[in-house]
Amino acid sequence: MDYIVTILPVLLQGSAVTLQVFLITLVLAVPLGLALALVRISRFKVLSGLVNGYIWLMRGTPLMLQMLFIYFALPFIPIIGVRLPDFPSAILAFVLNYSAYFAEIFRAGIQSIDRGQYEGAKVLGMSYPQTMRRIVLPQVLKRILPPMSNETITLVKDTSLIYVLAMNDLLRAARGIVQRDFTTSPFLVAAAFYLLMTLVLTYGFQRLEKKYAVYDD
């Protein structure tokens with residue numbers, strides 16, 4: 001127990017980096033995913049096709065590869081030629097990747113709404129943005145909670161991938177202690193940290209699902 005207390009400060013510092021990546025990604029990727037979903041289902045065929053291609057690319061290639069590309073290859077692209085530090089590179093890769101997944105979740109939720117509700121809103125004189133904001137999206141939120149929960153929990157675990165950019169996240173901090181002290185206890189503590197984070201998220205989403213289930217009764 002004394003040993004665990006001594007390594008906690010280092011692991012807490014790593015957890016802070018992990019939580020930063022998680023929270024920033026979530027705050028940016030969710031609204032971007034919604035915007036992409038709206039473009040994806042719009043009548044603008046060219047834009048819809050471009051978004052569809054973007055989603056295919058982001059979902060079809062590994063997140064780690066995308067991070068490495070942004071960090072190492074981006075500076076060599078003539079039009080861009082910008083070298084980002086490790087943290088912005090990780091954030092950019094995570095946001096681009098997860099916005100594609102969130103876009104598909106939002107798209108499926110929006111398209112699950114009966115077309116009659118759009119027609120009813122049009123009869124009431126509502127514009128398309130008003131229809132989406134007042135009628136469609138509140139119902140979509142309720143329907144996409146389970147897949148959003150799964151994707152959000154996956155995001156927590158995927159933050160461990162930032163070790164490839166030598167960022168001192170929770171997993172890298174634990175591995176450094178293991179290599180120094182030749183014991184696997186730090187891995188067990190790191191696993192407990194991850195389990196605690198996913199437990200909080202699971203509880204939060206379950207509360208939201210129960211809240212919206214009340215309105216169905």
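Residues numbered from 1 in each chain as written. Predicted model: local features only at pLDDT ≥ 70, side-chain atom pairs only at ≥ 80, totals over all residues. Heavy atoms only, no water.

**Remarks on the overall build of the protein chain**
And then number 1: In terms of regular secondary structure, the protein chain is built from 8 helices and 0 strands.
And then number 2: Tracing the protein chain from N to C terminus, the helices and strands come up as α-α-α-α-α-α-α-α.
And then number 3: Taken along its principal axes, the extent of the C-alpha atoms in the protein chain is 70 × 55 × 20 Å.
And then number 4: Once local pairs closer than 6 in sequence are excluded, the contacts in the protein chain between residues at least 24 apart make up 74%.
And then number 5: Surface summary for the protein chain: the accessible area is close to 12500 Å², and the carbon and sulfur share equals 68%.
And then number 6: Between the mean site of the 19 positive side-chain charges and the mean site of the 12 negative ones, the protein chain shows a separation of 9 Å. (Helix = DSSP H or I, 4+ residues; strand = E, 2+ residues; numbered from the N terminus. Contact = heavy atoms within 4.5 Å. Areas by Shrake-Rupley, 256 points an atom, 1.4 Å probe, with all protein chains shown as cover. Lys, Arg positive; Asp, Glu negative; His and termini not counted. Charge placed at Lys NZ, Arg CZ, Asp CG, Glu CD.)

**Points about the side chain of Thr 152**
And then number 1: By secondary structure assignment, the location of Thr 152 is in helix α6 (residues 128-158).
And then number 2: With sequence-adjacent residues up to four places away left out, Thr 152 is seen in contact with Phe 22, Leu 26, Leu 201 and Phe 205.

**Concerning the packing of aromatic side chains**
And then number 1: As enumerated under the stated definition, the model contains 4 aromatic pairs in all.
And then number 2: Judged by centre distance (4.8 Å) and plane angle (85 degrees), the ring pair of Tyr 71 and Phe 72 falls under edge-to-face.
And then number 3: A centroid spacing of 6.3 Å and a plane angle of 5 degrees characterise the contact between Phe 94 and Tyr 98, whose relative ring orientation is stacked. Note that Phe 94 and Tyr 98 are positioned in helix α4 (residues 86-111) at a spacing of 4 residues, about one turn of the helix. As far as the burial class goes, Phe 94 and Tyr 98 line up, both buried.
And then number 4: Taken together, the ring pairs connect Phe 94, Tyr 98, Tyr 101 and Phe 102 into an aromatic cluster. (Phe/Tyr/Trp six-rings, centres within 6.5 Å; stacked < 30°, edge-to-face > 60°. Buried < 20%, exposed > 50% of the residue type's maximum accessible area, 1.4 Å probe, protein only.)

**Comments concerning the UniProt feature "domain: ABC transmembrane type-1" (unreviewed entry) in the protein chain**
And then number 1: Sequence positions flagged by UniProt for "domain: ABC transmembrane type-1" (unreviewed entry) are, in local numbering, residues 15-205.
And then number 2: Between the end C-alpha atoms of residues 15-205 there is a gap of 21 Å, over a span that is 80% helix and 0% strand. (UniProt positions renumbered as here; feature names shortened; annotations may be inferred.)

**As for the pattern of salt bridges**
And then number 1: Summed over all chains, the structure comprises 3 salt bridges.
And then number 2: Arg 59 serves as the salt-bridge partner of Glu 104, at 3.6 Å between the closest nitrogen and oxygen. Residue Glu 104 is located in helix α4, and its partner Arg 59 is located in helix α2 (residues 45-60); the two are separated by 45 residues in the primary sequence.
And then number 3: Take Glu 104: its relative accessible area is 16%, and that puts it in the buried class.
And then number 4: As a salt-bridge pair, Asp 181 and Arg 180 come within 2.8 Å of each other at their nearest N and O atoms.
And then number 5: Note on Arg 180: relative accessible area 54%, which makes it exposed.
And then number 6: Three or more residues joined by partner-sharing salt bridges are found here, namely Arg 59, Glu 104 and Arg 107. (Salt bridge = Lys/Arg side-chain N within 4 Å of Asp/Glu carboxyl O.)

**Here's the deal with the UniProt feature "transmembrane region" (unreviewed entry) in the protein chain**
And then number 1: In the numbering used here, UniProt assigns the "transmembrane region" (unreviewed entry) feature to residues 20-42, 63-81, 87-106 and 187-205.
And then number 2: End C-alpha atoms of residues 87-106 are separated by 27 Å, and the span's content is 100% helix alongside 0% strand.
And then number 3: The distance separating the terminal C-alpha atoms of residues 187-205 is 27 Å; by composition the span is 100% helix and 0% strand.

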